[in-house]
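Here is what each chain is made of, one letter per residue.
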Amino acid sequence: MVKVVDQVTEPKRKRFNKNKKKAWRKKADITEVEERLEEQRREERYGGPLEERKDSEMMFVDLGDGEGEASQADQENEAEFTLEYTVDEVPGSAGEVKLKPRKVKLKTPKLKSHQFINGLPGAKPPHKPRKKQGTLTVAMKKKKELQSKDPKQIKKRKEAVKQMLGDLQRKTKRPKSVISSKYTTDLWEEGADEVTQECKKKGLEESFIGSISDYYRRQRRMKPIKVPKIRHVPTSKLDPVSIPHAGASYNPSHQSHQKLLLRAVKQEEKRLKKIRKIEKATIKMFPTIDKAPTAKSWLTEMSEGLPKAYEEEEETEEPAEDCEEQENEENLDQQQNGEQNEETLPLQQNGEQGEQQAMNSKTVVVSNDSVTVSSKPITERKTKKVRRKEKRQKLQKLKKLKEKEDRIRSSNIYKLKTYQKEIASEEMEEQKRSASRRAHKEQLKFMPRRLANMKFEEEEIPVNLGDELADSLRTVVPAVELLEERFKNMQRRNLLEPRLKHKLKRKYKPKVVLKRGHREELAKMEKMEFSD
């Protein structure tokens, strides 16, 4: 059975929580608001809402098809797109062209692509236009009328006009000095900037001008970068391209060739001397295998100074003789001891007396529990007379010392010549030392400096022996590689630091792993070998 529905019920509107901003943005329906805003924008494009527009804006009087001469307003608007003259005649035989002015100016349609530049017709301006220069309000007019009558204001206005005219002339016209100048002045010279010149005009002290201009240029970021003092000082006085020795020529003289050989020999001797020094401190310090100590030699060396076997046998054969000698020695000792005891008795008595005197010199303090003995002797208190005497003696001693110093100082006046000689000799020595220092400093400019951990090492002198000299230029072989020679030259002139070729060192041992496919192939090959 089918039910017939007469009325269509509206679907129930979904209800959402509107207590959070998320629901406001997602669930709210704003289509009505957007439509209303779109309608307002459309009305603004067509000149605003109809309620606010005038009848003259919406209606106009039709005066015909617009044939004939164009209206004055249209001519003013379309002045840019009119052609004033056209060629009416073809040039004649004389080659002259007559131009005839048109009565009616041609119209050119406006471009549709630029129709929105001038704004929509009837649309109100988005902001209030500024007043044109020269327009005066009623209040301003009244104010000017009052000022025109006041003589002080007239004088001020004249001065202001004069100043304005002077400024205009200064801007438009350059002075003759600038035009005719040959630009001989240095712009970067100290005191050439505007700030220093203005300070000088105002009569400021020169000590302040430098700091003021420096501050101004630093704040405006006009100050040039400070170049270091050693920027243009050469690192070395050696020539960039050194001239080779005469003995290195392809056809040298005997004398120059021998000199170069001697230099090469000395360099080689120096190198070998260094090697020998290292060997002496390392390899030659320890014995070779032939001269190395053995177990037998070590035993003999360690047993040096100990009694040997035959000496022990001799000692065992004569024990009786030793016993008799010991008895005789004992008897003699007893007799000597008796004599010594008799001599020591008076000495002991003297010692006891000395101890008693020492005890008298010490102070003994007895208390209930303990007895303390101090090493300080008992001293009597000094009287005033004794103290006055000591003070007098001390003052006399100080007075004598002072008199002696004064005597020596006064006698030094007669030693002026000796002092002058000493001063002159010291000055001479100082001058010699400073001269030697300067000479050493000058000499260092021709030598390579220590720029890194490594020292600069001179390259080997390229020299050919007498048999190796070439017969002609065709058979000459270059003795030095050019790049290496240039590199060494730059190191010698302190432009590059001495360096060695970097060697990569692995911190870990590389792991060797066979690929799975290779492993299977190797296993097959091994099986084949076993089967054979």
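Just so it is clear, the structure is predicted and the values come from calculations on it, not from any experiment. Within every chain, residues take consecutive numbers counted from 1 along the sequence as written. In keeping with the predicted nature of the model, local features appear solely for residues at pLDDT of at least 70, side-chain atom pairs appear and are counted solely at 80 or more, and the whole-chain, interface and lining totals rest on all residues. Each side-chain value is worked out from all heavy atoms of the structure, with water and hydrogens disregarded.

**With respect to the side chain of Lys488**
Among the secondary structure elements, Lys488 is positioned in helix 16 (residues 482-492). For the exposure calls, accessible area comes from a 1.4 Å probe over protein chains only, and a residue counts as buried if that area is under 20% of its type's maximum, exposed if over 50%, partly exposed in between. Charged residues are defined here as Lys and Arg on the positive side and Asp and Glu on the negative side; His and the ends of the chain fall outside this count. One speaks of a salt bridge when a side-chain nitrogen belonging to Lys or Arg is within 4 Å of a carboxyl oxygen belonging to Asp or Glu. With no salt bridge to any partner, buried Lys488 finds its closest opposite charge in Glu459, at an N-O distance of 5.3 Å. Note on definitions: a residue-residue contact is assigned when non-hydrogen atoms from the two residues lie within 4.5 Å. Residue contacts for Lys488: discarding those within four places in its chain leaves Phe456, Glu457 and Glu459. Secondary structure counts use DSSP, requiring at least four H or I residues in a row for a helix and at least two E residues in a row for a strand, with both numbered from the N terminus.

**Points about helix 16**
What helix 16 keeps buried is the set Lys488, Asn489, Gln491 and Arg492. In a view along the axis of helix 16, the buried residues occupy a sector of 160°, so they form one face of it. Exposed residues pointing more than 90 degrees away from the buried face of helix 16 are listed as Leu482 and Leu483. Remark: Asn494 follows helix 16 within two positions and exhibits a positive phi of approximately 65°. Relevant arc is that of directions from the helix axis to the C-beta atoms, nothing else.

**A short note on a nonpolar patch on the surface**
Residues with no salt bridge and a relative accessible area higher than 30% make up the patches, which join like charges within 9 Å and nonpolar side chains (Val, Leu, Ile, Met, Phe, Trp, Tyr) within 5 Å. Per-residue accessibility takes into account occlusion by the displayed protein chains alone, with areas from the Shrake-Rupley method and a 1.4 Å probe. Residues Ile413, Tyr414, Leu416, Tyr419 and Ile423 make up a contiguous nonpolar surface patch of about 580 Å² in total accessible area. Structurally, Tyr414 is set in the loop between helix 14 (384-411) and helix 15 (416-444). With a relative accessible area of 74%, Tyr414 lands in the exposed category.

**Re the pattern of salt bridges**
Counted by the stated rule, this structure contains 14 salt bridges. Across the pair Arg41 and Glu38 runs a salt bridge, and its minimum N-O distance is 3.0 Å. Of this pair, Arg41 and Glu38 both sit in helix 2 (residues 31-45), three residues apart, which is roughly one turn of that helix. Put simply, Glu268 and Arg271 hold a salt bridge, and the shortest N to O gap is 2.2 Å. Separated by three residues within a single helix, Glu268 and Arg271 lie in helix 10 (residues 254-282), roughly one turn from each other.

**So, the confidence of the model for the protein chain**
For the protein chain, the average pLDDT comes to 75, and 66% of its residues sit at 70 or higher. The pLDDT score gives, residue by residue, the confidence of the prediction method on a 0 to 100 scale. Within the protein chain, no element has a lower average pLDDT than strand 1 (residues 85-87), which sits at 46, and none a higher one than helix 15, at 94. Every residue in residues 78-95 scores below 50 in pLDDT, and together they form 19 contacts with partners more than four places removed in sequence or on other chains. Of the regions scoring below 50 in pLDDT, residues 342-347 engages in zero contacts with residues more than four places distant in sequence or in other chains.

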